[in-house]
Amino acid sequence: MAGKIATSMVSTLLRGVNGIQSTPAAVKPRLILQLYDIENCPYCRLVREALTELDLDVEIYPCPKQGERFRPEVTERGGKAQFPYLVDPNTKVEMYESLDIVAYLFETYGQRELPLKWRAGKLQTLGSMLASAPRVKRGTQARAGAQPEYMLELYSFESSPYARPVRELLCEMEIPYILRSCGRTRLLEWILPPLRKRLNITPNSELENRRVLQDTEGKVSIPYLYDPNTEQGMFESEDILDYLGATYAA
Ligand SMILES: N[C@@H](CCC(=O)N[C@@H](CS)C(=O)NCC(=O)O)C(=O)O
C-alpha cells in the first residue's frame, strides 16, 4: 500500500495546487452531470479538476480500455470512443474535448470568467500528462467484476493521493459511482484528519458534502465510500480497496 500512495503522491505533487481547492459554482445543476471517464487519462483528469474547483458532483461511468460496460454508450451517443465525454441532462448538451468541457462548466455553472490557468489549457494538458506517468499501470485497463445494483458514492477531491487509488479500482472494475465533490475552502482543512483530531479542530466547511460527512460520520476524511447496496460506509483508502475487492471482484 505504501508504494501505491507514494506514486499517487508524486502525481498529486506534479499537479501542484490543481484539483484541491473549491470556489463553489454560482449555480448547481438540478440534475446531476454525467462523465464517461478513464481515471488515469490526462484529459479526463482536467475535467475532474474543474469539477472539484467548481464543487460540482458528477456520476462517473468508467470506461477503461477493454471495458464493455459503458464504452459502447459513448460511441452510440457521440459517434466515437473518446474520453472524457460529458452529458448534461439539464441542457441536453453532450460533448467531447476536455478543455471545451472545462470552459462549458465554468460558463454554465461557475458563471465566472475562465481562470487564466484554464485559458492556457494546453499547458494544463501537458502537466496532466506528466501526472499520469507515475500511475501508468493503474486506472486504465478493465478487470472483471460484478456490477452493483445501485451507484456507490465516493467523497473525494481530485488531487487527493488517497482517493486516487480508490477511483482507479472503481474504474478498472467499471463500477459506476457518484463522485461527491469535497475540495478545500479553508486553511484548517489542509491539516490532516489525525492531527485535526489530536488538536481538537473541526473546520467549519463551506461545502455541503463536507458538512454532510461531518454531521453523519463525525469527521471529514477523504476518501469516504458509501455503498447503498450493502448500506456500508467507510473511510481509509486501504479498507475501501479491500472492501471493493471482496465485494465486487470476479
Ligand atoms: N483532445 C481530447 C483528447 C481525448 C483523448 O485522446 N482521450 C483518450 C484517453 S486518454 C481516448 O479517448 N482514447 C481512446 C480510448 O481510450 O479508447 C480531449 O482533450 O478530450
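Definitions and cut-offs
- Residues numbered from 1 in each chain as written.
- Predicted model: local features only at pLDDT ≥ 70, side-chain atom pairs only at ≥ 80, totals over all residues.
- Heavy atoms only, no water.
- Near = heavy atom within 4 Å.
- Polar contact = N/O pair within 3.5 Å; in protein donor to acceptor, adjacent residues only side chain to side chain.
- Areas by Shrake-Rupley, 256 points an atom, 1.4 Å probe, with all protein chains shown as cover.
- Nonpolar A, V, L, I, M, F, W, Y, C, P; charged D, E, K, R; others polar.
- Buried < 20%, exposed > 50% of the residue type's maximum accessible area, 1.4 Å probe, protein only.
- Helix = DSSP H or I, 4+ residues; strand = E, 2+ residues; numbered from the N terminus.
- Pairing = 2+ DSSP bridges.
- 1 Å grid on protein atoms, 1.4 Å probe; cavity = no way out; pocket = protein on both sides within 12 Å on 5 of 7 lines; lining within 4 Å.
- Points joined across faces, edges and corners; volume = space filled by probe spheres on them.
- Axes fitted to C-alpha atoms, helices over the stretch in contact; angles between N-to-C directions.
- Parallel < 35°, antiparallel > 145°, perpendicular 65-115°, else oblique.
- Left-handed = near helix turned anticlockwise from the far one by under 90°.
- Contact = heavy atoms within 4.5 Å.

## Considerations on the site of the ligand
The local shell around the ligand consists of Ile38, Cys41, Tyr43, Lys65, Arg71, Ala81, Gln82, Phe83, Pro84, Glu97 and Ser98. One nitrogen or oxygen atom from the side chain of Arg71 is found 2.2 Å from an oxygen atom belonging to the ligand. In isolation the ligand has 510 Å² of accessible area, and contact with the protein removes 74% of it. Partitioned by chemical class, the residues of the shell around the ligand number 6 nonpolar, 2 polar and 3 charged.

## Thoughts on the pairing of strand 5 (residues 152–156)
Counting buried positions along strand 5 yields 5 of 5 residues, so the element is predominantly enclosed. Alternating positions in strand 5 separate into two faces, Leu152, Leu154 and Ser156 on one and Glu153 and Tyr155 on the other, with burial throughout. Direction of pairing for strand 5 relative to strand 6 (residues 177–181): parallel, over a ladder of 5 bridges. Considered in strand 6, the bridge of Glu153 is made with Ile178. Here 3 bridges tie strand 5 to strand 7 (residues 224–227), and the two strands are oriented antiparallel to one another. Note that in strand 7 the partner of Leu154 across the bridge is Leu225.

## As for the layout of surface pockets
Here the largest pocket is characterised by a volume of approximately 740 Å³. Lining the largest pocket are 32 residues, and of these Leu192, Pro193, Pro194, Ser221 and Ile222 lie nearest its centre. Breaking the lining of the largest pocket down by element, the ones donating at least two residues are helix 1 (2–14), helix 8 (193–199) and helix 9 (208–217). Top contributing element to the lining of the largest pocket by residue count: helix 8, with 4 residues. When the residues that make up the lining of the largest pocket are grouped by side-chain class, the tally is 16 nonpolar, 9 polar and 7 charged. It is helix 9 that provides the largest number of residues to the lining of the second largest pocket, a total of 3 residues.

## Topic: the packing of helix 2 (residues 42–54) against helix 4 (residues 98–110)
For any two helices packed against each other, the geometry is given by the interaxial angle and the distance between the axes. Here helix 2 crosses helix 4 at 15 degrees, and the two axes come no closer than 8 Å. As the angle between them shows, helix 2 and helix 4 are arranged roughly parallel. In the packing of helix 2 onto helix 4, the handedness of the crossing is right-handed. Mapping the contact onto sequence places Tyr43, Leu46, Val47, Ala50, Leu51, Glu53 and Leu54 in helix 2 and Ser98, Leu99, Ile101, Val102, Leu105, Phe106 and Gly110 in helix 4. When its residues are assigned to classes, the contact of helix 2 with helix 4 shows 11 nonpolar, 2 polar and 1 charged.

## A short note on unusual backbone geometry
At the junction of Phe83 and Pro84, the peptide bond is cis and its omega measures out at 10 degrees in the coordinates. Here the amide bond leading from Ile222 into Pro223 is cis, since omega sits at 10 degrees, within 30 degrees of zero. Residue position: Pro223 is located in the loop between helix 9 and strand 7. Even without being glycine, Glu174 reaches a positive phi, approximately 55 degrees. Tracing the chain through its elements places Glu174 in the loop between helix 7 (163–172) and strand 6. Glu174 sits in the buried class, given a relative accessible area of 8%. A positive phi angle, near 75 degrees, is found at Glu236, a position not held by glycine. Position of Glu236 relative to the elements: it lies in the loop between strand 8 (232–235) and helix 10 (237–248). In this structure Glu236 comes out as partly exposed when scored by relative accessible area, which is 46%.

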